[in-house]
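# Structural overview for review
Listed here are the chains, written in short residue letters.
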Amino acid sequence: MTDKNKSALTEKDGVSQPETTSKSSAEKIKFSRKKKTSTKEFVTEILAGSIPFLSRAITLVESTNTKHQQQANEILEACLPYANKSTRIGITGVPGVGKSTFIESFGKHLTSLGKKVAVLAVDPSSSVNKGSILGDKTRMEELVTDKNAFIRPSPSGTSLGGVAQKTRESIILCEAAGFDTIVIETVGVGQSETVVHSMTDFFLLLKLAGAGDELQGIKRGIIEMADAIVINKADSGNEKNAKIAKVEFNRALHLYPPKDSGWQPKVLLASALHHKGIDEVYNMIDEYITSAKNTNYFQHKRNEQNKYWLLETINQQLKDNFYNNPTTKELLNNEFSKLESGKTTPFAAANRLLKK
């Protein structure tokens, strides 16, 4: 007989839930919640090849927080003597050319040779939350699990040409961590090619055949910068078109004046998806680097790049200081009002602001 006083809403023992956080994840969470890490500890761990510390250091470099920037600069200064020992390769091409697939295939080839590869992939930023929207780590499934590879997607934000503003500093940290090959992928739009060219030793342009891309490629600026052109996706019945495109690009390359390095840019065919032609690309880059070092052009180019980035940094700092100045902000609003009422011109307003 049922007890009338006993509630129907009785509580029974539930099913025990499994731990949702793995031991390794728990350690990472604990690691991320640690108190502020000293610069000395950062440097020691980076030089030892610690990926978590390298990632955190790059986050500091990318941060706009003043305290973070100060520590990032200290870490960079300490790591600098251990940097500059890698080969820096820039890879660009229009969206859809297969940059991520090529980089993954190329990276796996390098690690199979005993190389340590860092990929600094610059994603287009979301206009809503300013974060990366392509997710290069998800597009390089094999390389991301390789113990000798490190992939760092960075949102391009508002920096020039879609290249993350702090990419060059990230290169230094990766080199100090022992990575001997740094690959920088651009979003392939705007002026990103120019910026990446200014921080790499070898600039590789990926092209497609049979997609109307041949005419797109015959552009003076991008062709002049390229140290080599690789026609990707030369497979699945597209081999004939790829060979025709190779002839066309070779003709175009010979129309340009010789490079200061004395190197004659080459055109190669590849199928990153089927891992074809990747070893030829590596051998060509190795040949170029050896040649550039023998003629001292390699170091000359690095020195010129350092000068360029010194001036760029000064320009950026002056610009930031100008616009962040409270007086400037007030004067700027006044000039905006005058412009709207037709009482001045943009040029006269700019002159007044700069003088004040």
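Up top is the structure these notes are about.
Residue positions are counted from 1 within each chain, in the order its sequence is given. A pLDDT threshold of at least 70 governs which residues receive local features in this predicted model, and a stricter bar of 80 or more applies before side-chain atom pairs are shown or counted, although totals over entire chains, interfaces and linings include all residues. Side-chain calculation: all heavy atoms of the structure are included, whereas hydrogens and water are not.

### Overview of helix H7 (residues 167-176)
- Each residue's exposure class comes from its accessible area (1.4 Å probe, protein chains only) as a fraction of the maximum for that residue type: buried when under 20%, exposed when over 50%, partly exposed otherwise. For the purposes of this entry, the term helix denotes a DSSP run of H or I that reaches at least four residues, the term strand denotes a run of E that reaches at least two, and both are numbered from the N terminus. When you tally the buried positions in H7, you get 9 out of 10 residues, the bulk of the element.
- Among the residues of H7, those classed as buried are Thr-167, Arg-168, Ser-170, Ile-171, Ile-172, Leu-173, Cys-174, Glu-175 and Ala-176.
- Gly-178, located one to two residues past H7, shows a positive phi value of around 100 degrees.

### Concerning the environment of Thr-290
- Structurally, the position occupied by Thr-290 is in helix H12 (residues 278-294).
- A 3.5 Å cut-off defines polar contacts: any pair of N or O atoms within that distance qualifies, except that in protein one atom must be a possible hydrogen donor and the other a possible acceptor, and neighbouring residues in sequence count only when both atoms are side-chain atoms. Of the polar contacts made by the side chain of Thr-290, one reaches the backbone oxygen of Asp-286; its length is 2.9 Å.

### Focus: the pattern of salt bridges
- Here a salt bridge means any side-chain nitrogen of Lys or Arg lying within 4 Å of a carboxyl oxygen belonging to Asp or Glu. In this structure the tally under the stated criterion is 9 salt bridges.
- As a salt-bridge pair, Glu-287 and Lys-266 come within 3.2 Å of each other at their nearest N and O atoms. Residue Glu-287 is located in helix H12, and its partner Lys-266 is located in strand E7 (residues 266-269); the two are separated by 21 residues in the primary sequence.
- Assessed through its relative accessible area of 31%, Lys-266 is described here as partly exposed.
- In this structure, Glu-304 and Lys-307 form a salt bridge, with 3.4 Å as the shortest nitrogen-oxygen distance. Here Glu-304 pairs with Lys-307, and both are found in helix H13 (residues 297-324), just 3 residues apart, close to one helical turn.
- Taking the relative accessible area as the measure of exposure, Glu-304 reaches 37% and is therefore partly exposed.

### A short note on the nonpolar core
- Note on terminology: a nonpolar core comprises buried Ala, Val, Leu, Ile, Met, Phe, Trp, Tyr and Cys residues joined through side-chain atoms within 4.5 Å. Among the nonpolar cores identified, the biggest contains 46 residues, and Ile-46, Leu-173 and Cys-174 are the most heavily contacted of them.
- In contact with Leu-173, other than residues within four places in its own chain, are Ile-46, Leu-54, Ala-57, Ile-58, Val-61, Ile-75, Leu-76 and Cys-79.
- Among the nonpolar cores identified, the runner-up in size contains 35 residues, and Ile-91, Val-97, Phe-202 and Ile-289 belong to it. In what follows, a contact means two residues having at least one pair of non-hydrogen atoms within 4.5 Å.

### Quick look at the environment of Pro-81
- Summarising the element assignment, Pro-81 is placed in the loop between helix H4 (66-79) and strand E1 (87-92).
- When the C-alpha atoms of Pro-81 and Ala-176 are compared, they prove to be 8.1 Å apart, with 95 residues separating the residues in sequence.

These results come straight from atomic positions and should not be treated as a statement about function.
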